[in-house]
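Results of the structural survey
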Amino acid sequence: MYNNLAELTTKIKDTMIDYYGEQYADKITAAFDKTNVIIMDAADENRKNLNAICNSQTPKNLRFFDNQGTQIKTNLSVLAAAVSTSRPVIEIIDNKPVLQGTIEAIGLTDTFDINNRKKVEQLIHEFGHSVKRSASIINIGDKYLLVQNDGVAQDTHEIKWDNNGNIELHQVEIDLNIGLHEGKNEFDARKVSEMIYGSPSLSEAYRGLTNCAIEFDKIPELGKALTDCEFNHDNIPQFEKLYDSLIPDEKVPLCGFKPMNKAFDEYYKAATTLGENLLDCATLAGRMVNSMKYYAPETMQNNPEKVAKYSPQRKSLIKNLTKLKNNANLGKKYSLTPENRNLTSVKNATVKNITAPVT
Ligand SMILES: [Zn+2]
């Protein structure tokens, strides 16, 4: 179907503009122009895992530190068939850090094939991250913070530097809102794939999160507002307000945007973290049901207009979440095989053999 990667990526870009809307065309085009797509070369000892690919995109003067102050090689997981990364290019000018741009890259394993739809869907998902990214440096007191947005997700690092231009990024907070973002991003990727291929998506990545994100889209205002937040991170408070406006006031602290969002994040961690058992996933899905059940029609009886407008969607939301809760095998598909379940063996595992979802 496609002769080369350029032809395929042009098709993905054009379809994304159709899907998301012309108002995002400039951002989407710019992201496609600057993103390097790197396919792992199995014969290249230096490029045998996706972390190596990501690290090859890191400016030489940049080092990463975790929240304990320990230097880390990368802040990305290797446990995926595809990853997308953004590395800041920072210069110190007049003793202040200035963001000169970012290096955007997508890493794919050597099994990538432009005519294999499942693989292409992984690439679409990764481009979804690329088009929704932005970064900035903010100054608070005597601190400078690098804030990187990936859709509604956000990473914050404190920037430290020396007189030789060496820059350190110290983790302040990472993966904020990551669950909601991954669910929404995968939902969008499937829609784009369906527009390209004209038939239902084959992807099974982030199944639980995506099944929840699908439900937002069934309420048009929510779906549209969430898409807007994916491109305009500053609008999250508006989304939160809209979401919370759909439930009776007295229930908001229990079941509003915040607990829902937290459940998404915890679910994401459970589904991607090593060693999480299946029960944990079921518990988290159960928590989401509890968090959202107040949307059920019976709690809206004092507001007939809302009941009429949202009942069918809410029913479907509760039904799907309950299904997730009851699915004891929920985590199985996304957990690593038992022999890979400790960090040591995972470190040595080759990416090719890992069936974890895209990140
Ligand atoms: Zn992802």
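Residues numbered from 1 in each chain as written. Predicted model: local features only at pLDDT ≥ 70, side-chain atom pairs only at ≥ 80, totals over all residues.

So, the sheet that holds strand S9 (residues 167-176)
To keep things clear, this is the line we draw: What makes two strands pair is DSSP finding at least two bridges between them. Secondary structure elements follow DSSP: runs of H or I of four or more residues count as helices, runs of E of two or more count as strands, with numbering from the N terminus.
If you trace the six strands from one edge of the open sheet to the other, you get S3-S2-S9-S8-S7-S6, paired in mixed fashion. Whereas interior strands pair on both sides, the edge strands pair on one side only; in this sheet they are strand S3 (71-72) and strand S6 (133-140). When strand S2 (residues 62-65) meets S9, the two strands line up parallel, connected through four bridges. Across the sheet, residue Phe65 finds its bridge partner in S9, namely His170.

Points about unusual backbone geometry
Definition in use: Buried, partly exposed and exposed are defined by the number of other C-beta atoms within 10 Å of a residue's own C-beta, namely 20 or more, between the two limits, and 12 or fewer respectively, with C-beta atoms placed from the backbone.
Within the chain, Asn95 stands out as a residue other than glycine whose phi angle is a positive 60°. Mapped onto the secondary structure, Asn95 falls in the loop between strand S4 (82-93) and strand S5 (96-108). According to the C-beta neighbour criterion, Asn95 is exposed, with 7 such atoms within 10 Å. Not every positive phi belongs to a glycine, and Asn177 is a case in point at roughly 65°.

Some details on the environment of Ala42
Inspection of the secondary structure puts Ala42 in the loop between strand S1 (35-39) and helix H3 (50-56). A sequence separation of 67 residues divides Ala42 from Thr109, and the C-alpha atoms of the two residues are 8.3 Å apart.

Let's talk about the nonpolar core
This is how it is decided: To form a nonpolar core, buried Ala, Val, Leu, Ile, Met, Phe, Trp, Tyr and Cys residues must be joined through C-beta atoms within 7 Å. We call two residues in contact if the C-beta atoms placed from their backbones are at most 7 Å apart.
Ile28, Ile106, Leu123 and Ile124 are the most contacted members of the largest nonpolar core, which totals 27 residues. Elements supplying a minimum of two residues to this core: helix H1 (5-20), helix H2 (25-34), H3, S4, S5, helix H4 (117-131) and helix H5 (178-197). Ranked by the residues each element gives to this core, the list is headed by H4, at five residues. Other than its neighbours up to four places away in sequence, Leu123 contacts Ala82, Ile106 and Leu108.

Focus on the pairing of S6
Strand direction decides the pairing type here: S6 and strand S7 (residues 143-150), joined by eight bridges, are antiparallel. What sits directly across from Ser136, in S7, is Val147. The antiparallel pairing of S6 with S7 creates a hairpin that spans two residues between the two strands, and Gly141 there sits at a positive phi of about 60°.

Comments concerning the confidence of the model for the chain
What counts here: Confidence per residue, as judged by the predictor, is encoded in pLDDT with a range of 0 to 100.
On average, residues of the chain score 77 in pLDDT, and 70% of them are at 70 or above. Here residues 274-281 is modelled with pLDDT under 50, and outside its nearest four sequence neighbours on either side it reaches 18 contacts, counting other chains as well. Across residues 293-302, where pLDDT falls below 50, the model places 22 contacts with residues more than four positions away in sequence or in other chains.

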